[in-house]
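# Close look at the chain arrangement
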Amino acid sequence: MTVYFIGAGPGDPELITVKGQRLIRQCPVIIYAGSLVPAAVLEGHRAETLINSAELHLEQIIAAIRSAHDKGQDVARVHSGDPSLYGAIGEQIRHLRKLGIDYQIIPGVTATAASAALLGCELTLPGVAQTVILTRYGDSSPMPDGEQLADLARHRSTLAIHLGVKNLPRIVAELLPHYGADCPIAVVHRATWPDQDWVKGTLQDIVTQVAAKDFRRTALILVGHVLGDAPFSDSALYRAGHAHLYRAGD
């Protein structure tokens, strides 16, 4: 048997991969993160066993997987977004390796990608930012040395900050010296869910805007001048006169 760690995407049930959807509909056992994965993602399943992992601790999840392994049943382990980002799959994989249980990771659409799409922007623009840093705010658990927000902000690249909206005033204070008060920032709440909402402003006014919306959790913070109207050059890829493997230069 195989355990499939499946990225269900940010919320919209149509933003799961074809492969992920097929496996959900085929696997006889489904273990899904019920607090973050909408029920619509599981539509069409024919599983004999359906388990909401939000109600379990790690040892209980592994016990359920071992039970499926003993029966030779594949498991669809469904996580929100992309399971390789803050999906807590590393600790599960560590157990599976010790038990000799095969697994595969099926990528999913990230909250960062969904939020950029919602805002109608590109996160990398020539001459503005060519780097995107995905991070989280170190509140509930400490960040490794060198990964504090102030360390990352020194790069002035595009930032995608998870799990930080309740600490937004502290985040803004750490970003201001590096990005400036006029730097664009957006806070996206439950991107692609039916109740999705967002605000866009600057580091100077975003705290007031978010307080008015009362966003307290399940929100992504995007920071960077790519969100504004900073001038940027056309990319070389489509520039007339630029030759490459598929096109002669004009």
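Residues numbered from 1 in each chain as written. Predicted model: local features only at pLDDT ≥ 70, side-chain atom pairs only at ≥ 80, totals over all residues. Heavy atoms only, no water.

The name recorded for the chain in an unreviewed UniProt entry is Precorrin-4/cobalt-precorrin-4 C11-methyltransferase, from Pseudomonas hunanensis.

## Concerning the overall build of the chain
To keep it simple, the criterion reads: Working definition: helices are DSSP H or I runs of at least four residues, strands are E runs of at least two. Numbering for both runs from the N terminus. Exposure categories follow from relative accessible area, calculated using a 1.4 Å probe and restricted to protein chains: below 20% of the type maximum is buried, above 50% is exposed, and the middle band is partly exposed. In this analysis, two residues are considered to be in contact whenever any of their non-hydrogen atoms come within 4.5 Å of each other. Note that accessible areas follow from Shrake-Rupley with a 1.4 Å probe, and for residues the cover is restricted to the protein chains shown. Positive charges are assigned to Lys and Arg, negative charges to Asp and Glu, while His and the chain termini are left out of the count. A charged residue contributes its charge at one atom only: NZ of Lys, CZ of Arg, CG of Asp or CD of Glu.
For the chain, the helix and strand inventory stands at 7 helices and 10 strands. Projected onto the principal axes, the alpha-carbon positions of the chain cover approximately 60 × 50 × 35 Å. The buried share among the 250 residues of the chain stands at 42%. Contacts in the chain between residues far apart in sequence, at least 24 positions, make up 67% of those at least 6 positions apart. Of the roughly 13,100 Å² of accessible surface on the chain, 50% is carried by carbon and sulfur atoms. Of note, the chain has its 22 positive side-chain charges centred 4 Å away from the centre of its 25 negative side-chain charges.

## What about the nonpolar core?
Stated formally: Buried residues of nine kinds, namely Ala, Val, Leu, Ile, Met, Phe, Trp, Tyr and Cys, make up a nonpolar core once their side-chain atoms join them within 4.5 Å.
Judged by nonpolar contacts, the single largest core of 24 residues is most densely connected at Leu159, Ile161, Leu175, Val187 and Val223. Counting only elements with at least two residues in this core, the list comes to helix 5 (149-153), strand 7 (158-162), helix 6 (168-179), strand 8 (184-189), helix 7 (206-213) and strand 10 (219-223). Here Leu175 is in contact with Leu149, Ala153, Leu159, Ile161, Gly180, Leu203 and Val223, once residues within four sequence places are set aside. If you look at the next biggest cluster of nonpolar residues, it comprises 17 residues, including Ile24, Tyr32, Ala76 and Val78.

## Some remarks on the packing of helix 6 against helix 7
Rule in force here: The convention used is that axes are lines fitted to C-alpha atoms, helices contributing only their stretch in contact, and that angles between N-to-C directions extend from 0 to 180 degrees. By the definition adopted for this analysis, an angle is roughly parallel if under 35 degrees, roughly antiparallel if over 145, roughly perpendicular if from 65 to 115, and oblique otherwise. We call a crossing left-handed when the near helix sits turned anticlockwise from the far one by less than a right angle, and right-handed when that turn is clockwise.
Following both chains from N to C, one finds helix 6 and helix 7 inclined at 165 degrees, their axes separated by 10 Å at the closest point. Compared by their axis directions, helix 6 and helix 7 come out roughly antiparallel. Between helix 6 and helix 7 lies a crossing whose hand is right-handed. When helix 6 is examined against helix 7, the residues Leu168, Pro169 and Val172 are found in contact with a partner set consisting of Ile206, Val207 and Val210.

## Comments concerning the packing of aromatic side chains
Test applied: Note on aromatic pairs: the rings of Phe, Tyr and Trp (six-membered ring only in Trp) are paired at centre separations within 6.5 Å, and the planes decide the class, stacked below 30 degrees, edge-to-face beyond 60, tilted for the rest. For a ring to carry a charge above it, either NZ of a lysine or CZ of an arginine must fall within 6 Å of the ring centroid while also lying within 35 degrees of the normal to the ring plane.
In this structure the tally under the stated criterion is 1 aromatic pair. With a centroid separation of 6.2 Å and 75 degrees between ring planes, the pair formed by Phe5 and Tyr103 is classed as edge-to-face. Of the two residues, Phe5 sits in strand 1 (residues 2-7) while Tyr103 sits in strand 5 (residues 102-106), which places them 98 residues apart along the sequence. In this structure Tyr103 comes out as partly exposed when scored by relative accessible area, which is 25%. Just above the ring of Trp193 sits the side chain of Arg190; from NZ or CZ to the centre is 4.1 Å.

## So, the sheet that holds strand 4 (residues 75-79)
Across a sheet, paired strands are connected by hydrogen bonds in the backbone, their directions being either parallel or antiparallel. The condition that has to hold: The pairing criterion for strands is at least two bridges between them, as found by DSSP.
One open sheet accounts for 5 strands, arranged 3-2-4-1-5; its pairing is parallel. Edge positions in the sheet fall to strand 3 (49-52) and strand 5, since each has one partner strand and no second. Shown here is a sheet whose adjacent strand axes are inclined to one another by a mean of 15 degrees, direction ignored. For strand 1 and strand 5, the ladder comprises 5 bridges, and the chain directions are parallel. When the bridges of strand 5 are listed, Val3 appears paired with Tyr103.

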